[in-house]
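# Structural features, examined
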2 protein chains.
Amino acid sequence: MTYEPDETHDPKRQSWVGTANGHASFPIQNLPFGVFSPPNEDARGGVAIGEEIFDLKRLLEAGLLKGEAAEAARAASGATLNAFMALGRDARIELRRRLSDLLTAETDEGRRAGGQALRLLHKAAACTLHLPAKVGSYTDFFAGIHHATNAGTRMKREPPLLPNYKYVPVAYHGRASSVVVSGTALRRPNGQSKLSENEDPIFGPSRKLDIELELGVWIGPGNRLGEPIPIARAGEHVVGLCMLNDWSARDIQSWEFVPLGPFLAKNFGTTVSPWIVTMEALAPFRQPQPARPASDPKPLPYLWDDADQANGAFDIDIEVLIRSESMRARSLPPHRIVASNVKHLYWTLAQLVAHHTSGGCNLQPGDLFGSGTLSAPERSGWGSLWELTDDGAISIQLPTGETRTFTQDGDEVILRAHASRDGYVSIGFGDCAGTILSAMPS
Amino acid sequence: MTYEPDETHDPKRQSWVGTANGHASFPIQNLPFGVFSPPNEDARGGVAIGEEIFDLKRLLEAGLLKGEAAEAARAASGATLNAFMALGRDARIELRRRLSDLLTAETDEGRRAGGQALRLLHKAAACTLHLPAKVGSYTDFFAGIHHATNAGTRMKREPPLLPNYKYVPVAYHGRASSVVVSGTALRRPNGQSKLSENEDPIFGPSRKLDIELELGVWIGPGNRLGEPIPIARAGEHVVGLCMLNDWSARDIQSWEFVPLGPFLAKNFGTTVSPWIVTMEALAPFRQPQPARPASDPKPLPYLWDDADQANGAFDIDIEVLIRSESMRARSLPPHRIVASNVKHLYWTLAQLVAHHTSGGCNLQPGDLFGSGTLSAPERSGWGSLWELTDDGAISIQLPTGETRTFTQDGDEVILRAHASRDGYVSIGFGDCAGTILSAMPS
């Protein structure tokens, strides 16, 4: 399977949408899909372009699409993109090409569409963004090897990585119902924790509410129960990516998680960025898999594909920023606390898909994967507060003089991602943000 | 919250549906809800009565329901019962009462409905049964204390139960997409396993394909994200019960499950019985919580409700039967290998709901819980082959002279449940059955 940059990535391509040209996240070379509501209108699919949203429903109504592109836009014009995800790669590529042409400044199509800009475009700031799909099932992997290593070190394991780590793309099933779109405030969870070995557990607000810097992976079309997706075809079942904050209550987690893994510690909310940055948009930013040293064991054949190894990793800068209530009051911008990169994934996305389905489990359009925390090797790139602060032993300094070990009520946490490469226009994912509300009375 | 038997449980009540009277599972005192397709017709909701299914869609069309009962039947007349589950307890009770009257032999309503029997009833054997709901999220608990004890013993833990067991209703998120209705054949999964500590892992068909005897719990209406359901109201969010076989590939499980719990070992398929036996139908079979000895620690207040403790457990006999290919060839009936009871649940259903939502996680209509394996204290009631055979060390004898440690291809495994109590008519759940197909070529 090839992921070659094409004319949609041409850096000379400019849009008639003025805010798109030079936009840090949404130039015409990106064209991520999402679901939005214009003021007082129903939710429908759209594409982010600069500071605007290109309305797929209105585009269809205007008769500017035909054939496979029209079919794809129709599937993307309702309140979720699940039907669009079900169509698969070819239809998505066709629609993307057509949208790129329609948004380009100097083509006939572009001029026709630009003539209807008032009808086809909405100011993003005036719209409400929704989850791009009804999440069928959500699976969280553990594929950030430096995070897994840090976790083992904190648990005093020697060697820190468990014996299965380099063979099995370890994962657990997460909670689909509590996946929320960026901007949704989340309540600090109450839960059981055990403050010391000799005390009884208590119930109350989490004292160690943490974040996890993850990549989100949107799935479609998927497979039937009992019919695994072979690794060579696995990439076709990834629609695109988002950022994902796997909020984690560490005190609840450490008491509840044996023997069956995390449950309430992580199911009170998972935040995703609203736009699906497609595999097509990301083609220029692929690279050979760098996280697996050549000395590591070679994965079993069902997880190995030479073509996938050659370009299955992504060079995408990712970061975590925090903005406290008092920073907002003083109009200070969010403060960056983590800088990492998606290349620290130990497994490729195709390996995650192939593994997930290898026993017959069925993936469905709208399923979501989390990558696992994408920590960099060095501390400045550790993707959770638990790692960054040595479980609360070290404080992080904010520009106000405030300090943080774990999050406090009122904190807003923002994940961001940007991909860039010489010769190509940089693209971004859009914010994955959430603010913490105080816990319910317990 | 009370669960008192009422006139629908009157043992003198007989139905004009002849096969219902004396039926081991579906007398008029049961009236479980499900989804079925009559031959060449669309799926719709129905109620099992003897060897027939009472068609809720046709009942509506016939104008035999009005008010809240009609509204409930309308919500139950589509291809899933999610909308019916969303309505809540009062609407369900109202519909149940009305259905009981309509199916009774000696009432005016019964005579009116009986006069249209040809239109309103279908032979169950001629219909296709479906999953009763689109499963939103599936959560599997670990609330069978004797199974948890056996697991700890097998892992050589002393004491066998982990320190959190009697405080936390331990659970993990399961896979919703692969929940299938009874009768669906399942492929033996391929997966990674490690045959000995010094060998590399291999990939191939599971050699330890096991079953788990669990109760399934259908949820509705549920709660909003961030708004826990208090224990005193938790019972209102349980629609009813089914049997659930949590198929488990033990060899895959033991290699993959650290540190995040079971994943591929359990997500290749979970079988449920098709009928939802309502909380109302089960009212006579409630009893005080017997699984928790008085000497055990008292649960934290968010998990404690005196009324719930007084009648939160169920006396329901449950069993596992097996039928090999060669038993089918010789027309031998299924052979019982396990006999246990739902009373071995350590936590009540209300406690499971209250715990699941205590941190704010939202439950939705159509969510499904598994109870965890409901082993009895004695070996004859151990609810998995892993326990029964000491992980394959002891064989089970079948009537053909065949032996089993774990399942073999072609085996059909059937879970059954019946509740009985002096002075009441016994009711059953209907089979939860699945046959194992050979693995895909790996």
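These numbers come from a predicted model, not from an experiment.

## Comments concerning the packing of helix α2 (residues 67-75) of chain B against helix α4 (residues 89-103) of chain B
Residue and element names in this part refer to chain B. In the contact formed by α2 and α4, the axes pass within 8 Å of each other and the chain directions differ by 100°. With respect to α4, the axis of α2 lies roughly perpendicular. Residues E68, A69, A72 and A73 of α2 touch α4, and the partners they reach there are D90, A91, E94, L95 and R98.

## Side note on the relation of the copies chain A and chain B
Overlaying chain A on chain B yields an RMSD of 0.0 Å, the required transformation being a rotation through 180° with an accompanying axial translation of 0.0 Å. The symmetry that links the two subunits is that of a two-fold axis. Within chain A, A:G261 has its C-alpha nearest the rotation axis, a separation of 2.3 Å. By residue overlap, the copies meet face to face through one surface: 100% of the interface positions of chain A are interface positions in chain B.

## Some details on unusual backbone geometry
In this structure, B:P159 follows B:E158 across a cis peptide bond, with omega equal to -5°. Mapped onto the elements of the fold, B:P159 is located in the loop between α7 (145-154) and β7 (171-173). The omega torsion across B:V258 and B:P259 is 0°, close enough to zero to call that bond cis. Position of B:P259 among the secondary structure elements: in the loop between α9 (250-256) and β16 (270-272). Of note, A:N40 is a non-glycine position whose phi angle comes to about 60°, a positive value. Looking at the secondary structure, you find A:N40 in the loop between β1 (33-37) and β2 (44-49). With a phi close to 60°, B:K156 is a non-glycine residue in the positive phi region.

## Description of the side chain of A:Q253
As for its position among the elements, A:Q253 is in helix α9 (residues 250-256). With residues up to four places along the chain from it excluded, the contact list for A:Q253 reads A:S248, A:P262, A:A265 and A:K266.

## Topic: the layout of surface pockets
Empty space within the largest pocket amounts to approximately 1,100 Å³. In terms of lining residues, the largest pocket is bounded by 42 residues, among which A:M155, A:Q253, A:S254, A:W255 and A:F257 are the most central. Among the elements that line the lining of the largest pocket, the one with the most residues is α9(A), at five residues. A class-by-class count of the residues in the lining of the largest pocket yields 19 nonpolar, eight polar and 15 charged. Looking at the second largest pocket, its volume works out to about 790 Å³. No other element matches α9(B), which puts five residues into the lining of the second largest pocket. Residues of the lining of the second largest pocket, tallied by class, amount to twelve nonpolar, seven polar and 14 charged.

## Details of the packing of aromatic side chains
On inspection of all chains with the given rule, the structure shows 20 aromatic pairs over all chains. With centroids separated by 5.3 Å and ring planes inclined at 85°, the aromatic side chains of A:Y346 and A:W347 adopt a geometry described as edge-to-face. What makes A:W347 buried here is its relative accessible area of 1%. With 5.9 Å between their ring centres and 75° between their planes, B:F142 and B:Y165 make a pair best called edge-to-face. Placement of B:F142 in the loop between β6 (138-141) and α7 and of B:Y165 in the loop between α7 and β7 is noted, with a sequence separation of 23 residues between them. You'll find B:F142 and B:Y165 in the same group, each marked buried. Taken together, the ring pairs connect A:F142, A:Y165, A:Y346 and A:W347 into an aromatic cluster.

## Describing the sheet that holds strand β5 (residues 128-130) of chain B
Two strands in a sheet stick together by hydrogen bonds in their backbones, pointing the same way (parallel) or opposite ways (antiparallel). All names here are of chain B. Taken in spatial order, the five strands make up an open sheet running β4-β3-β2-β1-β5, and their pairing is antiparallel. Looking at strand neighbours, the two that pair on one side only are β4 (121-123) and β5, the edges of this open sheet. For this sheet the average axis-to-axis angle between neighbouring strands, irrespective of direction, equals 45°. Relative to β4, strand β3 (residues 52-55) is paired through three bridges, and the arrangement is antiparallel. Residue pairing in the sheet places E52 in a bridge with K123 of β4.

## Quick look at helix α2 (residues 67-75) of chain A
What α2(A) keeps buried is the set A:A69, A:A70, A:A72, A:A73 and A:A75. On the buried face of α2(A), the contacting elements are α1 (56-61), α3 (82-87) and α4 (89-103) of chain A.

## Here we look at the interface of chain A and chain B
On the chain B side, the residues contacting the 59 residues of chain A number 59 residues. A per-residue breakdown of the area chain A buries against chain B is headed by A:H173, A:L260 and A:F263, which together make up 15% of the total. A salt bridge links B:R175 to A:D367, with the shortest nitrogen-to-oxygen separation between them at 2.6 Å. The interface formed by chain A and chain B contains 21 residue pairs in polar contact (both at pLDDT 80 or more). Looking at the side of chain A that touches chain B, the elements that each hand over two or more residues are β6 (138-141), β7 (171-173), β9 (186-187), β10 (190-193), β11 (202-205), α9 and α12 (349-357) of chain A. Residue contributions to the side of chain A that touches chain B peak at three residues, all from β7(A). In terms of residue class, the side of chain A that touches chain B is built from 33 nonpolar, 19 polar and seven charged.

## Points about the confidence of the model for chain A
Here chain A averages 97 in pLDDT, while 100% of its residues score no lower than 70. For this predicted complex, the interface confidence reaches an ipTM of 0.97, while the overall pTM sits at 0.98.

## Considerations on the sheet that holds β2(A)
All names here are of chain A. Strand order in the open sheet formed by five strands is β4-β3-β2-β1-β5, with antiparallel pairing between adjacent strands. Of all strands in the sheet, those bounded by a partner on one side alone are β4 (121-123) and β5 (128-130). Averaged over all pairs of adjacent strands, the angle between strand axes in this sheet comes to 45°, irrespective of strand direction. Pairing of β1 with β5, which is carried by three bridges, proceeds in the antiparallel orientation. Counted as the bridge partner of F36 is L129 from β5.

## Considering the environment of B:L31
Relative to the helices and strands, B:L31 resides in the segment before β1 (33-37). Ignoring sequence-local partners within four residues, the contact set of B:L31 consists of B:V47, B:A48, B:I49, B:R96, B:L99, B:S100 and B:L103.

## Comments concerning the pairing of strand β13 (residues 213-219) of chain A
Residues and elements named next belong to chain A. In terms of burial, β13 is largely enclosed, as seven of its seven residues are buried. Note: β13 against strand β14 (residues 238-245), seven bridges, orientation antiparallel. Bridge pairing in β14 links V217 to L241. In this structure, β13 lies alongside strand β22 (residues 368-370), joined through three bridges in antiparallel fashion. Considered in β22, the bridge of V217 is made with F369.

## Section: the nonpolar core
Residues A:L282, A:I316, B:L282 and B:I316 are the most contacted members of the largest nonpolar core, which totals 162 residues. Apart from residues lying up to four places away in sequence, A:I316 is in contact with A:L241, A:L282, A:S340, A:N341, A:V342, A:A417, A:H418, A:A419 and A:F429. Of all hydrophobic cores here, the second largest spans 43 residues; its members include B:A20, B:I28, B:A75 and B:V239.

Parameters at a glance
Residues numbered from 1 in each chain as written. Chains lettered and ligands numbered in written order. Predicted model: local features only at pLDDT ≥ 70, side-chain atom pairs only at ≥ 80, totals over all residues. Heavy atoms only, no water. Axes fitted to C-alpha atoms, helices over the stretch in contact; angles between N-to-C directions. Helix = DSSP H or I, 4+ residues; strand = E, 2+ residues; numbered from the N terminus. Parallel < 35°, antiparallel > 145°, perpendicular 65-115°, else oblique. Contact = heavy atoms within 4.5 Å. Least-squares fit on C-alpha atoms with pLDDT ≥ 70 in both. 1 Å grid on protein atoms, 1.4 Å probe; cavity = no way out; pocket = protein on both sides within 12 Å on 5 of 7 lines; lining within 4 Å. Points joined across faces, edges and corners; volume = space filled by probe spheres on them. Nonpolar A, V, L, I, M, F, W, Y, C, P; charged D, E, K, R; others polar. Phe/Tyr/Trp six-rings, centres within 6.5 Å; stacked < 30°, edge-to-face > 60°. Buried < 20%, exposed > 50% of the residue type's maximum accessible area, 1.4 Å probe, protein only. Pairing = 2+ DSSP bridges. Buried area = accessible area lost by both parts, 1.4 Å probe. Salt bridge = Lys/Arg side-chain N within 4 Å of Asp/Glu carboxyl O. Polar contact = N/O pair within 3.5 Å; in protein donor to acceptor, adjacent residues only side chain to side chain. pLDDT = per-residue confidence, 0-100. Core = buried A, V, L, I, M, F, W, Y, C linked by side-chain atoms within 4.5 Å.

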